[in-house]
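Analysis of the macromolecular model
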Amino acid sequence: MAKVKITETVLRDSHQSLVATRMTTEEMLPALRALDEVGYHSLEAWGGATFDSCLRFLNEDPWQRLRVIRDNVKNTKLQMLFRGQNILGYRHYADDVVEYFVQKSLANGIDIIRIFDALNDIRNLKTAINATKKEKGHVQAAISYTTGPVFNNEYFANYAKELEETGADSICIKDMAGLLKPYDAYDLVKAIKLKVKLPVQLHTHYTAGLASMTVLKAVEAGADVVDTAISPMALGTSQPPTEPIVATLMGTPFDTGLDLQKLDVVSKYFEGLRDKYIKSGLLDPKVMDVNINALLYQVPGGMLSNLVSQLKQAGKIDKLQEVLEEVPRVREEVGYPPLVTPTSQIVGTQAVFNVLTGERYKTVTKEFKAMVKGEYGKTPAPISKDIVKQIIGNEEVITYRPADAIKPELDNLRQAAAKYIKQDEDVLTYALFDQVATKFFENREIKEISNDTSKYYVNVREIS
């Protein structure tokens, strides 16, 4: 038995799940040095939806955010979430874009790249895995965990073995919807550990109220690292809270070695930030509820906050329950994809349209059509011919690796974005979100974050 390590999610998935990824870099800054002193295995600090949100809502350069975090976190590994061939966007990109994005992520400060595919289609991971290995980064290959007729421990363990053979340095069980129950977690970790020789990490969410128990059973089964969030930004659709996990394991063979006093400094800062979010309405109390129905609907935290947001904008928040009930129906009809970005948004948005229009598939998004056509890869179960015909008519379904049909893009993107490029990374920002990036580039002088961050630390000194 070995000590269990902790990955802290407060800088990425925690606020992505609770406040739709609206934590700003300036709000993170006062806590960075305190976080760095805790002794975490890693800080999940970038990737996922943070890149999009920086540009779209916060008028921030996501690359600058990464550099500022790296400048202030000297002792702890930084980790990011990477959507395989989708990078951090919502479509597949050419291999040259994927390779360059990996290169620049590591050059700007990332140590560990957690790479996953929403459909568990390993063909969509290989380019990112190979690029990370080439740049000497740590490849954490993730299994998108879900339930359904085609999923069991053998399926997941076999996939873990494939990931190991493809070049993974560690395996992550990515339970994005909080579906993994405690005893199931024990059996799953055991099954994977029997199949692979790599460290195994567990990522789960508190949505259904199971997460802390699930983490404990996973640890007992041999999980090497677990994801948690500092307590003020934990629970609900976020991760299980860091401090109770640390306290629970103290004095056991799994002792994390982390100091509750150091965690308290971090906690006090984020308590103030959480209170600010509650007062502003950014933190909706609904996402803090235990929702055991997550086991029925399989809606992950970030997806739930987005559904609530979509329905509020449409003035139809009263339809939330109907939408939640529609999600598993849509999911079944399109081959049981795990619900994680981008499939969560694709299935979720389609469920919203099905409910709000009053007629199922009367309005179909282009992304939903693309998924049915195979443009995102192979779904875990076959999609019925009737659904295929209804959604895409007589168009041919793709059976090859989708990115094989995408010609190199980088040179063309450089030309298209030439007048905006002030740093090498700008071409990647443009590649992922051209319209949003263009708007950001045109206004980027408005908000710059100084790399001289000494002024931000008065709060932490006062707290400690």
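Conventions used here
- Residues numbered from 1 in each chain as written.
- Predicted model: local features only at pLDDT ≥ 70, side-chain atom pairs only at ≥ 80, totals over all residues.
- Heavy atoms only, no water.
- Core = buried A, V, L, I, M, F, W, Y, C linked by side-chain atoms within 4.5 Å.
- Buried < 20%, exposed > 50% of the residue type's maximum accessible area, 1.4 Å probe, protein only.
- pLDDT = per-residue confidence, 0-100.
- Contact = heavy atoms within 4.5 Å.
- Helix = DSSP H or I, 4+ residues; strand = E, 2+ residues; numbered from the N terminus.
- Axes fitted to C-alpha atoms, helices over the stretch in contact; angles between N-to-C directions.
- Parallel < 35°, antiparallel > 145°, perpendicular 65-115°, else oblique.
- Left-handed = near helix turned anticlockwise from the far one by under 90°.
- Nonpolar A, V, L, I, M, F, W, Y, C, P; charged D, E, K, R; others polar.
- Pairing = 2+ DSSP bridges.
- Polar contact = N/O pair within 3.5 Å; in protein donor to acceptor, adjacent residues only side chain to side chain.
- Phe/Tyr/Trp six-rings, centres within 6.5 Å; stacked < 30°, edge-to-face > 60°.
- Lys NZ or Arg CZ within 6 Å of the ring centre and 35° of its normal.

1. Structural notes on the nonpolar core
Counting 108 residues, the largest nonpolar core has Leu-35, Phe-82, Phe-101 and Phe-270 as its most contacted members. Formed by 31 residues, the second largest nonpolar core is a distinct cluster that contains Ile-346, Ala-370, Tyr-376 and Ile-392.

2. Description of the confidence of the model for the protein
With 95% of its residues at a pLDDT of 70 or more, the protein shows a mean pLDDT of 93. Confidence over residues 454-464 falls short of pLDDT 50; this stretch has 19 contacts with residues more than four positions distant or in other chains.

3. Section: helix H20 (residues 434-443)
Of the residues making up H20, those classed as buried are Val-436, Ala-437, Thr-438, Phe-440 and Phe-441. Lining the buried residues of H20 we find helix H3 (50-56) and helix H19 (426-432).

4. Here's the deal with the packing of helix H16 (residues 366-373) against helix H17 (residues 385-392)
Contact pair H16 / H17: the axes reach a minimum separation of 10 Å and the direction vectors enclose 140 degrees. Between H16 and H17, the angle falls in the class oblique. For the pair H16 and H17, the crossing hand works out as left-handed. On the side of H16, the interface is formed by Phe-368, Lys-369, Val-372 and Lys-373, while H17 contributes Val-388, Ile-391 and Ile-392. Residues that form the contact of H16 with H17 fall into these classes: five nonpolar, no polar and two charged.

5. A few points about the environment of Gln-261
Locating Gln-261 in the fold gives a position in helix H11 (residues 260-280). You can call Gln-261 exposed: its relative accessible area is 59%. A sequence separation of 223 residues divides Gln-261 from Val-38, and the C-alpha atoms of the two residues are 9.1 Å apart.

6. Section: the sheet that holds strand E5 (residues 138-144)
An order of E1-E2-E3-E4-E5-E6-E7-E8 is seen for the eight strands of this closed barrel, with the pairing classed as parallel. Adjacent strand axes in the sheet meet at a mean angle of 30 degrees when their direction is disregarded. In the sheet, strand E4 (residues 112-115) pairs with E5 via four bridges, with the strands oriented parallel. Within the sheet, the bridge partner assigned to Ile-113 lies in E5 and is Val-139.

7. A look at the side chain of Thr-429
Looking at the secondary structure, you find Thr-429 in helix H19. There is a polar contact of 3.0 Å between the side chain of Thr-429 and the side chain of Trp-63.

8. Focus: the packing of aromatic side chains
Taken as a whole, this structure holds 17 aromatic pairs when the rule is applied. Measuring from centroid to centroid gives 6.0 Å for Phe-151 and Phe-156, while their planes differ by 10 degrees, and the two rings are stacked. Take Phe-151 and Phe-156: they sit in the same class, and that class is buried. An angle of 85 degrees between the planes, with centres 5.1 Å apart, marks the rings of Tyr-155 and Phe-156 as edge-to-face. Classification of Phe-156 as buried rests on a relative accessible area of 3%. Members of the aromatic cluster, joined through ring pairs, are Trp-46, Phe-51, Trp-63, Phe-82, Tyr-90, Phe-101 and Phe-433. Residue placement shows Arg-22 over the ring face of Phe-57; its charged tip is 3.6 Å from the ring centre. Over the ring of Phe-116 we find Lys-174; its NZ or CZ atom is 5.0 Å from the centre of that ring.

9. Considerations on the pairing of strand E1 (residues 5-8)
Relative to strand E8 (residues 225-228), E1 runs parallel, the two being bridged by four bridges. Across the sheet, the residue bridging to Thr-7 is Asp-227, located in E8. For E1 and strand E2 (residues 42-47), the ladder comprises two bridges, and the chain directions are parallel. Its bridge partner lying in E2, Thr-7 is registered against Ser-42.

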